[in-house]
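Okay, here's what each chain looks like letter by letter:
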Amino acid sequence: AAFSNATLAICDDFNGGVLNFNTLAPVIPPHDVLVWFVDGVEISRLAGSPEWRVISIPLTPGAHQIDFQYQYNPFDLPVLPPDLPEGRQGAVWIDAVELVGM
């Protein structure tokens, strides 16, 4: 497997709220997937999303680390299927990241 990360660090004086972001994930397992984590805990996975989606993650007060991770061959297959599914782009996009406090 190969990974590419983007990390957002939130300071410890954060009063809690919601992290909103838009994502486009035209990726398809077993080839690739988008995963996001809060404080090292996997929150969700997304694949097969050829349209922009709005994602919201509630956050408790205090410091947090949010990691967005593109995973290529996440299942460590020795050989990937030869036919790439239609619409797969092998990349993900994250945009309009917004932290809304309480």
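Structure shown above.
All values derive from a computational prediction rather than experimental measurement. (Residues numbered from 1 in each chain as written. Predicted model: local features only at pLDDT ≥ 70, side-chain atom pairs only at ≥ 80, totals over all residues. Heavy atoms only, no water.)

> Would you mind showing me how to read the packing of aromatic side chains here?
For any pair of aromatic rings, the description rests on two quantities: the centre-to-centre distance and the angle between the ring planes. The full count for this structure, using the stated rule, is 2 aromatic pairs. Considering the side-chain rings of Phe21 and Phe68, the 4.9 Å spacing of their centres and the 80° angle between planes classify their relative orientation as edge-to-face. Here Phe21, found in strand 2 (residues 17-25), pairs with Phe68, found in strand 6 (residues 64-72); they are 47 residues apart in sequence, far enough to count as distant. For the residue pair Phe21 and Phe68, the accessibility class agrees, reading buried in each case. Following the ring pairs from residue to residue traces out a cluster consisting of Phe21, Trp36 and Phe68. (Phe/Tyr/Trp six-rings, centres within 6.5 Å; stacked < 30°, edge-to-face > 60°. Helix = DSSP H or I, 4+ residues; strand = E, 2+ residues; numbered from the N terminus. Buried < 20%, exposed > 50% of the residue type's maximum accessible area, 1.4 Å probe, protein only.)

Everything listed here is a matter of coordinates, which is why it stays silent on function.
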